[in-house]
Amino acid sequence: QVQLVESGGGSVQAGGSLRLSCAASRSIFSINVMCWYRQAPGNQRELVASITHDGIAGYHDSVKGRFTISRDSAKNTVYLQMNSLKPEDTADYYCNAKILSRSTFDYWGQGTQVTVSS
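Structure report, in brief. (Residues numbered from 1 in each chain as written. Predicted model: local features only at pLDDT ≥ 70, side-chain atom pairs only at ≥ 80, totals over all residues. Heavy atoms only, no water.)

1. Some words on the overall build of the protein chain
Turning to step 1, where the next piece is worked out: In terms of helices and strands, the protein chain carries zero helices and 11 strands.
Turning to step 2, where the next piece is worked out: Sequence-ordered secondary structure for the protein chain, helices as α and strands as β, is β-β-β-β-β-β-β-β-β-β-β.
Turning to step 3, where the next piece is worked out: Its C-alpha radius of gyration of 14 Å places the protein chain within 12% of the 13 Å reference for a compact globule of 118 residues.
Turning to step 4, where the next piece is worked out: Principal axes of the C-alpha set define a box for the protein chain whose edges measure 45 × 30 × 25 Å.
Turning to step 5, where the next piece is worked out: Of all 118 residues assigned to the protein chain, the portion counted as buried reaches 41%.
Turning to step 6, where the next piece is worked out: Pairs at least 24 residues apart make up 54% of the contacts formed inside the protein chain by residues separated by at least 6 positions.
Turning to step 7, where the next piece is worked out: Here the protein chain has roughly 6100 Å² of accessible surface; of this, 46% comes from carbon and sulfur atoms. (Helix = DSSP H or I, 4+ residues; strand = E, 2+ residues; numbered from the N terminus. Rg over C-alpha atoms; globule rule 2.2 N^0.38 Å. Buried < 20%, exposed > 50% of the residue type's maximum accessible area, 1.4 Å probe, protein only. Contact = heavy atoms within 4.5 Å. Areas by Shrake-Rupley, 256 points an atom, 1.4 Å probe, with all protein chains shown as cover.)

2. Digging into the nonpolar core
Nonpolar side chains tend to gather and get buried jointly when the protein is soluble and globular.
Turning to step 1, where the next piece is worked out: Grouped together as the largest cluster of nonpolar side chains are 30 residues, with contacts concentrated most on Leu4, Met34, Trp36, Leu80, Met82 and Tyr93.
Turning to step 2, where the next piece is worked out: Residue contacts for Met34: discarding those within four places in its chain leaves Leu4, Cys22, Ala49, Ser50, Ile51, Ile69, Val78, Cys95, Asn96 and Ala97. (Core = buried A, V, L, I, M, F, W, Y, C linked by side-chain atoms within 4.5 Å.)

3. Section: the side chain of Arg66
Turning to step 1, where the next piece is worked out: Here Arg66 lies in the loop between β6 (57–59) and β7 (67–72).
Turning to step 2, where the next piece is worked out: Those residues in contact with Arg66 that sit more than four places away from it in its chain are Gln81, Met82, Asn83, Ser84, Leu85, Lys86 and Asp89.

4. Some points on unusual backbone geometry
Turning to step 1, where the next piece is worked out: The backbone of Asn76 shows a phi angle near 50 degrees, a positive value even though the residue is not glycine.
Turning to step 2, where the next piece is worked out: Phi is positive for Ser84, which is not a glycine, with a value near 50 degrees.
Turning to step 3, where the next piece is worked out: Looking at where Ser84 falls in the secondary structure, it is placed in the loop between β8 (77–82) and β9 (91–100).
Turning to step 4, where the next piece is worked out: Look at Ser84 and you get partly exposed, because its relative accessible area is 40%.

5. Things to note about the pattern of salt bridges
Turning to step 1, where the next piece is worked out: Counted by the stated rule, this structure contains five salt bridges.
Turning to step 2, where the next piece is worked out: In this structure, the salt-bridge partner of Arg38 is Glu46, at a minimum N-O distance of 2.7 Å.
Turning to step 3, where the next piece is worked out: Residues joined by salt bridges that share partners form a network here, namely Arg38, Glu46, Arg66 and Asp89. (Salt bridge = Lys/Arg side-chain N within 4 Å of Asp/Glu carboxyl O.)

No statement about biological role is implied by the geometric values presented.
Here you go:
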C-alpha cells in the first residue's frame, strides 16, 4: 500500500511555471514507477511523465522540453516542474505509483488542478 498526496496546483498565465509535488507514504525506491497523469474535462486521463525506481524518466511528446520529473528520496517526494505552460496544459493532475508484482498495482493521489489562462 502507498498513499500519495499532491500539492502545488493553481492558476497561471500562459508562459508561466508551476511545480507539482507528490509525497509518498513509503520509500520511492520501493515503488517501481512514479508517474504524473492529467485529465482535462471531456478527455481521457493521459500519462504526462514517469520516472522509474532507477531514475529513468519519460515524457509525453506534448510536454517534452517543458516539463521535468524529478525526485527527492530523502523526502519520498516526486516533483513535476512545468515551464512554458500553455492553455492546453489545463487539467487535473494526478500522481500515480506503480508497484509491479505478479500484477501491476496502481495507487493514486487525490489530484491537483492546474489552470493556464491565455
